[in-house]
Structure formats: C-alpha cells, structure tokens
Amino acid sequence: MAQLAAPAPPRPSRAAPVDDPFAALNPQQRAAVMHGDEPLLVLAGAGSGKTLTLAARVARLVLDGADPNRLLLLTFSRRAAQEMARRAGRMLHRALGLRATQPPPQLPWAGTFHAIGARLLREYAGRIGLAEDFTILDRGDAEDLMALVRQAQGWAAARTRFPLKATCLAIYSRTLNRQLPLAQVLQEDFPWCAAWHDELKAMFRAYAAEKQAQHLLDYDDLLLGWHQMLADDGLAMQLGDRFGPVLVDEYQDTNRLQAAILRRLKPDGRGLTVVGDDAQSIYAFRAAEVCNILGFGQQFGDAARTVLLERNYRSTQPILDASNAVIALAEQRHAKTLWTDRRGGSRPRLVTVADELDQARWVADSVLEQREQGLALTQQAVLFRTGHHSAALELELARRDIPFVKFGGLKFLEAAHVKDLLAVLRWAQNPRGALAGYRVALLVPGIGPAAARRLIDAMAAAPDPAAALRAWVPPPAAASDWAALVGLLDVLQSDASPWPAELEAVRAWYQPHLQRLHADDAAVRSLDLEQLQRLAAAQGSRERFLTELTLDPPEATSDEAGPPHPDEDYLTLSTIHAAKGQEWNAVTILNVIDGCLPADLATGSAAAVAEERRLLYVAMTRAKQQLQLMVPLRFHVGQQHRLGDRHLYGGMSRFVTPEVAALFDRVAPAAPAADRHDPPLPPRAAQPLQLGALWD
Ligand code: ATP
Ligand code: MG
C-alpha cells in the first residue's frame, strides 16, 4: 500500500539536462531500456552489457517518474549487488544531469535476495508472527545449532554414520531452496543419506523449533520467511504495490524459492525485468535452476518479451573466439555467439609450465611485467577453481612483496585442517609451544579441553617437556589414540626422519581424524594437505618450512574484507565463482587441467561436467585485453596418494580441445625448473644459542 512506502525524495536540482543519456546504447540494449511494463527477459552472453542495460533501465524508469524508493533491484551475490547498485547510481547521476559534487541518488532497495528478505522480515515481523528481535545465524552458527539438536536427539554419539552437522544443514537448505519434498532431495542429491529420512525430518523439525524458540533465523529462513509472508494475499498485494518495478541481475543463478518470491510479488510479470546468461549458470550446488531463465518466456505467455544481446563490449575478438569455442561445445544451452568490433588485440595464451611452483613463479613474473608495461595491478586478476589452488602463488607473491587481495575460498593457512597439520609439526619442533600442543591434543578423541590443559601445564612445568609428554596418562577412553600420537611425535623427534617424508607420516596419522572431523568434505580438504606437502618439498627442512610460512604468510583475505587500502594498487586473486559479473584488462586462469578444471570431484555426472565448462567460460570472459590459461604439465592428482606420487603429464583440461587450443598462442618457457631444494644446513652447533647471554 502506498502508505507503507517511504516518502518520495525531493527531486534533485540539475546542472543541465542531458540530451540523450542512453546515446551509447546499441539498438537491442535501447529496446530493453525503453521496453514498457510487460515482463522482460534480457538473455545474453558475457560482457554484452546486461548489467549496464539494467542500470540504464533503472535510470530510464526514474527519469519517467518512478520513485527510486520503490525500485527493487535484486541479485545473487553481495559483490554483484554492489556492482549493480554502483552502476545504476552512476547512470542515474548522469541521466539526471547532476553536478559532479552531488551524490548519486540512493537506491535503498538494491541488494541480494537474502539482504532484502532480512529487511522485509524485520519490518513486517509483527504482522507475520515473527519475533521482532530475531537475530540471523551465519552458516557456522547454523551448523553448530544443528549439531546441538543432533546431540539432543541422541544421534551424535549413538550412530556414528548419521550425517554430520554440515551435511544435515546442506540437506535442510537444499530441500527448502528446491521447494521439493525431503525424500526427493535425498534421493537425487544425497542418496547416501536416504536411509535417514525419518530421523532427518524429525531433526529438522526440532531445529526449526529451536530457532523459533531462540528467535533465530538462518540464511534460508530469510527467503522462506519472505516467501511465506507473500502467501498471505493481503500482504502480497501490499508488497506488490509497495515495489514498483522489480529488476533482477544474474537471473540464471536463482533457485526455485527465489523465482517463487518474484512470481508472488509480480503474479502477471508486469514490472518484472530479469537479465542473465544461461551459459554462466554456475550455482547448481546451491540449488540454482537454469530452467528459471530458460522458461521465463513461457511462464508469462505472450506478454513476455525477450531481448537478445550479442555484441560484446568487454573483450577483444581473439578472446571472444576462444571463449565462444569453449562454450560452443556445451550440450544444453541457448545458442548465442558473441561478436565485437574491437578488432586486433593479441591472441590468448596457453602457457605450459613444468609444475605448480613454476606456475607460481611464471604468473608472478608476468604480473610484474604487465605492470612494467603500465597495467596497474588492479587491472589484473588471477582466477582459479577452488581456494587452495592459489596457495603456491600466494606464497610467491608474498615473497616478492606483490600486494594482493583474495576473494572467495578460505585463506589457505587458516583452514582448520591445514592448521591441524602445521600444529603437529610446530609441536614436534617446539614441545613447549602450548598453542600448538593444545590444538593437537584436542584432536585425539577422548581428550577434552580440561585434559588438554592438564597436559600442557604438566609439560610447561617439567624440565624436559618431551619426557613429561611420554609420562602423561590420558583419560582411559583416549588411551590407544594417544599412544599413536606419542608414537608419531617420537618419529618426528628422532633425527632419522628425513624431510619432507616426515610430513607424510603426519598426514598418515591425521587421515582418520580428518575423516572423522570432516567426513563430508574430507576429500576436498585432503587436496589442501597434498598442496601443503608440495610446498614442503620445496624447503630443505622442517625448520625452514615452518619459518618460511610464519615469516611470509600469504596475505590473503576472505570475501568479507575489502582491499588493503582504497588507493593502493593490488592484484586480485579470486575463485571463479566470486569473479562473476566483473572484468579486468588482464586475466590469468590457473591449473587449466583435468582434475582442477573440471575439478576431480565434479566429474561424476554429465551435468556436473557441464557446469565446470560454464565455469571456464565465466573465467575466460572476464578478460578485456589479455588472457592466459596456465597448464602445469606436472600436477599432483588428488586422492591418489596410495598409488604413489602420481602426477599428471600433459593433462590439459578436456575443455581445451585441439580446435580450441588452435585459437591460442602456445607458450612454453624454455627454462627448466630450477632446483628448489635448499642447500643442506650446516651441522648443528655444539653449544645452543643463549638468548640471555648478552646481559650476563
Ligand atoms: P556479465 O555477463 O559478465 O555479467 P554483462 O553482460 O553484464 O557481463 P556488462 O558488465 O554490463 O556486461 O558490460 C561489459 C562491459 O561493456 C562494461 O565495461 C560496459 O561498460 C561495457 N559496455 C556495455 N554496453 C556498452 C555500450 N553500448 N557501449 C560501450 N560500452 C558498453
Ligand atoms: Mg553482468
């Protein structure tokens, strides 16, 4: 209802009317911008100006009298939402002819589905029987609550095969977002948990009751609550009226629940604009349904209009040719081929390097070289399939003082399993290191915080901590696992254990704990540990390895953090998922080899492989002028360590077929991999260093 809407802002004063703020748009873009009220789909390839067109449409609507407070702009990820709001604001600023000193008009209802859902729920809580003081759980908190419920129901201890908390939350979330019965979701997405249907259902009921009692909402509740709110006809009408036009970017990544929300907001589709690219749908694992975008036209019948954009403004033709060739081999897609009139430009490069460490050096060299040629670091990005793929590069960049920001994925050295492994090494290195010791002790089943504390205190008080460790009597339940740990530490402390083989012993010891603690994604986490092992192999000794990591930790930051300083020049490292919607002058993609892209773990089904292909397409189409695909010839393949040190030779990604490769310049640095093993350390001094000697 009108009374719910915030009052319209005063019209800003204008510097000078702008003749045609949309002069730069091509005819298709303009058609989309000028299109009336009927449902509109802009379906177009990467870099064709979809986001720009959406922003221009916002400006046009406001110029025609729409109230910016009543425009609802939605998208999937936070970064994409910020980009969308920024561009729309800038476009409006120009279209309204505002002076440079005047701020762009605000679009208060631009954001992610989840953020907008949260605001609406807060505002309407009283009307829908929701506690007004509700707080929102992040995924970690939600998992912990799920674990508490699981424990309360007695399944945590009694039935070890019952899905872990993270899996439970994933099943719960998928069921809500796909809007399907639990049994079907279990069957299709989590068949190994199907036997637990009744227990899971009871647990989800208890989880929901717990949230209700504690006034908590998880991320999914933000969508679910919004959807339920719209089930009330009166409220649905109110909200439908409250928001005039509704515009959605990256529509290919919406799930059923999001599509249902849009349908309830705009039942006949009037005022609804969605833009997207089916070839860039990369969020199936979060229940995205590409049929939302492909079926948009049918959903609203004849009234719906579809605009296709095929001209690309981002990339040079050689980059487009290569990207088109990759996606042309996809089976299911809405066929579209991009073109540009940006002739010239160098062909993309397919760079073969010996291994990952060579790759890291080569990329660091190339980044610096580009900067020498005038390309700021902020104009360059390095993209990869998963967070741990950049570990070697992060170390190399830190070593060379090249500032960078990492988006998506966890900082390598902060991941729990990497910290666990390093803690064992640190403790072996320094048995008085209480932090490492405490962490390691807690890994042993049967040792809780109190027992771990007793151990650490005993070691601290003893003249010989290693002896105190051996003499310590653990709680009876921990006896055998404790003995295994003590055995490992003995091995690590004996001079006989060579480096880096001793890391293998630590991994062998850790493996069952990894399985137990992270059963759901142990395979993925193992890949990180293999990565750690490769990094270790480049150092001459345990001391050197730990020192290197401690003095030069990768300065990566998560998606939560912004750039180091607003004015600073920094390179962007990003997972491909976190890079969507963005563009850089120079883009390098790491590990374009089978096992990484497509990821090993995603080759189980044709649909999963198809999504990996779209990921490569998304990555390649981020580049404006220069694109490099890296192909390390020698790559340690995950999950194969029992078969020995298996490497892949020439394992080029299956997406780079010979026809695709023909569109690249091949680069193979001639220099052989340098010997990275440090010279042997001099023999240990007879007298230990006395730190206090100076003051004697
Ligand atoms: P993606 O699929 O990656 O999200 P997109 O289709 O949203 O891409 P945009 O990011 O809107 O594409 O546009 C890509 C680039 O092309 C931007 O730098 C944008 O400013 C520019 N661009 C788009 N349309 C035009 C135009 N008509 N004239 C000049 N530049 C344009
Ligand atoms: Mg876009």
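Thresholds applied
Residues numbered from 1 in each chain as written. Chains lettered and ligands numbered in written order. Predicted model: local features only at pLDDT ≥ 70, side-chain atom pairs only at ≥ 80, totals over all residues. Heavy atoms only, no water. Pairing = 2+ DSSP bridges. Helix = DSSP H or I, 4+ residues; strand = E, 2+ residues; numbered from the N terminus. Axes fitted to C-alpha atoms, helices over the stretch in contact; angles between N-to-C directions. Contact = heavy atoms within 4.5 Å. Phe/Tyr/Trp six-rings, centres within 6.5 Å; stacked < 30°, edge-to-face > 60°. Buried < 20%, exposed > 50% of the residue type's maximum accessible area, 1.4 Å probe, protein only. Lys NZ or Arg CZ within 6 Å of the ring centre and 35° of its normal. Near = heavy atom within 4 Å. Polar contact = N/O pair within 3.5 Å; in protein donor to acceptor, adjacent residues only side chain to side chain. Areas by Shrake-Rupley, 256 points an atom, 1.4 Å probe, with all protein chains shown as cover. Nonpolar A, V, L, I, M, F, W, Y, C, P; charged D, E, K, R; others polar. Salt bridge = Lys/Arg side-chain N within 4 Å of Asp/Glu carboxyl O. Core = buried A, V, L, I, M, F, W, Y, C linked by side-chain atoms within 4.5 Å. pLDDT = per-residue confidence, 0-100. Expected span 1.5 Å × (residues − 1).

Visitor: Help me get a handle on the sheet that holds strand S10 (residues 380–384), residues and values and all.
Guide: If you walk across this open sheet you meet the seven strands as S11-S12-S10-S13-S14-S9-S17, and the pairing is parallel. Either end of the sheet is taken by a strand with one partner, and the two such strands are strand S11 (404–407) and strand S17 (665–667). Pairs of neighbouring strands in the sheet enclose a mean axial angle of 20°, with direction left out of account. Bridging between S10 and strand S13 (residues 584–589) involves four bridges; their strand directions are parallel. Counterpart to Val 382 in the pairing with S13 is Thr 588. With respect to the sheet, helix H16 (residues 356–372) is in contact with strand S9 (349–353), S10, strand S12 (571–575), S13, strand S14 (623–632) and S17, its orientation differing from that of S14 by roughly 160°.

Visitor: Residues and numbers for the sheet that holds strand S1 (residues 40–44), please.
Guide: What the six strands build is an open sheet, ordered S3-S2-S6-S7-S1-S8; its pairing is parallel. Looking at strand neighbours, the two that pair on one side only are strand S3 (110–112) and strand S8 (305–309), the edges of this open sheet. Taken over all neighbouring pairs, the strand axes of this sheet differ in orientation by 15° on average, direction set aside. Here three bridges tie strand S2 (residues 72–75) to strand S6 (residues 246–248), and the two strands are oriented parallel to one another. When the sheet's bridge partners are listed, Leu 73 is paired in S6 with Leu 247.

Visitor: Go over the packing of aromatic side chains, please, and point to the residues and values.
Guide: A complete count under the given rule lists ten aromatic pairs for this structure. Ring centres 5.1 Å apart and planes at 75° place the aromatic pair Trp 472 and Trp 482 in the edge-to-face group. Highlighted residues: Trp 472 in the loop between helix H21 (465–471) and helix H22 (479–493) and Trp 482 in helix H22, separated in sequence by ten residues. Judged by its relative accessible area of 4%, Trp 482 falls in the buried class. Taking 6.4 Å as the distance between ring centres and 35° as the angle between the ring planes, the aromatic pair formed by Trp 509 and Tyr 510 counts as tilted. Among the residues examined, Tyr 510 registers a relative accessible area of 1% and is labelled buried. Feature note: the residues Tyr 172, Phe 204 and Tyr 207 constitute an aromatic cluster, connected by ring pairs. When the ring centre of Trp 109 is taken as reference, the NZ or CZ atom of Arg 119 above it lies at 3.6 Å. Across from the ring centre of Tyr 438, 5.7 Å away, lies the NZ or CZ of Arg 453, which sits over that ring.

Visitor: Mind laying out the site of ligand 1, listing which residues take part and the relevant values?
Guide: Around ligand 1, a shell composed of 19 residues is seen, among which Lys 50, Arg 87, Gln 280, Glu 583 and Arg 622 lie nearest. In this structure, Arg 314 approaches ligand 1 through a side-chain N or O atom, which is 2.9 Å from an oxygen atom. Taken by itself ligand 1 offers 640 Å² of open surface, and the protein chains cover 84% of this. Within the shell around ligand 1, the residues separate by chemical class into five nonpolar, eight polar and six charged.

Visitor: Mind laying out the pattern of salt bridges, listing which residues take part and the relevant values?
Guide: Inspection of every chain in the model, using the stated rule, returns 31 salt bridges. The salt bridge partner of Lys 211 is Asp 218, with a shortest N-O separation of 3.0 Å. Neither residue differs from the other here; Lys 211 and Asp 218 are each classed as buried. For Asp 457, the salt bridge goes to Arg 453, with nearest N and O atoms at 3.5 Å. Separated by four residues within a single helix, Asp 457 and Arg 453 lie in helix H20 (residues 449–461), roughly one turn from each other.

Visitor: Describe the pairing of S10, and please don't skip the residues or the numbers.
Guide: Where a strand is regular, its side chains alternate between the two sheet faces. For S10, the buried fraction is high: five of the five residues fall into the buried class. The alternating pattern of S10 places Gln 380, Val 382 and Phe 384 on one face and Ala 381 and Leu 383 on the opposite face, and all of these are buried. Taken together, the four bridges between S10 and S12 define a ladder with parallel strand orientation. Its bridge partner being in S12, Val 382 is matched across the sheet by Leu 573.

Visitor: Describe in detail the nonpolar core, supporting the description with residues and values.
Guide: Core analysis: the biggest nonpolar cluster contains 68 residues, and Trp 427, Ile 447, Trp 482, Leu 485 and Phe 545 have the highest contact counts within it. Here the element with the most residues in this core is helix H18 (residues 416–429); it accounts for eight residues. In contact with Phe 545, other than residues within four places in its own chain, are Leu 422, Leu 425, Trp 499, Leu 532, Leu 535, Ala 536 and Gln 539. With 59 residues, the next largest nonpolar core counts Leu 74, Leu 169, Leu 222 and Trp 226 among its residues.

Visitor: Account for the confidence of the model for the chain, with residues named and values stated.
Guide: Averaged over every residue, the pLDDT of the chain is 81; the share at 70 or more is 84%. Predicted confidence is poor over residues 551–565, with pLDDT under 50, and the contacts of this stretch with residues over four places away or in other chains come to 34 contacts. Low pLDDT, under 50, characterises residues 672–696; the predicted model gives this stretch 17 contacts beyond four residues in sequence or across chains.

Visitor: Can you lay out helix H10 (residues 219–229) for me, pointing to particular residues and giving the numbers?
Guide: For H10, the buried fraction is high: nine of the eleven residues fall into the buried class. If you check which residues of H10 are buried, you get Asp 220, Asp 221, Leu 222, Leu 223, Leu 224, Gly 225, Trp 226, His 227 and Met 229. Where H10 begins, the capping side chain belongs to Asp 218, and its oxygen is found 3.1 Å from the backbone nitrogen of Asp 220.

Visitor: Explain the pairing of S11 to me, and be specific about the residues and the numbers.
Guide: On S11, burial covers both faces: Phe 404 and Lys 406 on one face and Val 405 and Phe 407 on the other are all buried. Relative to S12, S11 runs parallel, the two sharing four bridges. Counterpart to Phe 404 in the pairing with S12 is Leu 571.

Visitor: Summarise the environment of Tyr 438; cite the residues concerned and give the values.
Guide: Position of Tyr 438 among the secondary structure elements: in helix H19 (residues 434–443). Sequence separation between Tyr 438 and Pro 449 is eleven residues, and the spatial gap between their C-alpha atoms is 8.1 Å. In this view, Tyr 438 contacts Pro 449, Ala 452, Arg 453 and Ile 456; residues no more than four positions away in its chain are not counted.

Visitor: Describe unusual backbone geometry, and please don't skip the residues or the numbers.
Guide: As a rule of thumb, non-glycine residues mostly have phi less than zero, and peptide bonds are mostly trans rather than cis. Cis geometry is adopted by the peptide bond preceding Pro 500, which originates at Trp 499 and carries an omega value of 5°. Among the secondary structure elements, Pro 500 is positioned in the loop between H22 and helix H23 (501–517). Going from Leu 597 to Pro 598, the amide bond is cis rather than trans, its omega being 10°. Looking at the secondary structure, you find Pro 598 in the loop between S13 and helix H26 (606–620). Backbone geometry places Gln 179, a non-glycine residue, at a positive phi of 55°. Along the chain, Gln 179 falls in the loop between helix H7 (165–178) and helix H8 (182–189).

Visitor: Tell me about helix H4 (residues 113–124), residues and numbers included.
Guide: The end-to-end C-alpha separation of H4 is 16 Å, in line with the 16 Å expected for twelve residues at 1.5 Å each. Along H4, the residues classified as buried are Phe 113, Ile 116, Gly 117, Ala 118, Leu 120, Leu 121 and Tyr 124.

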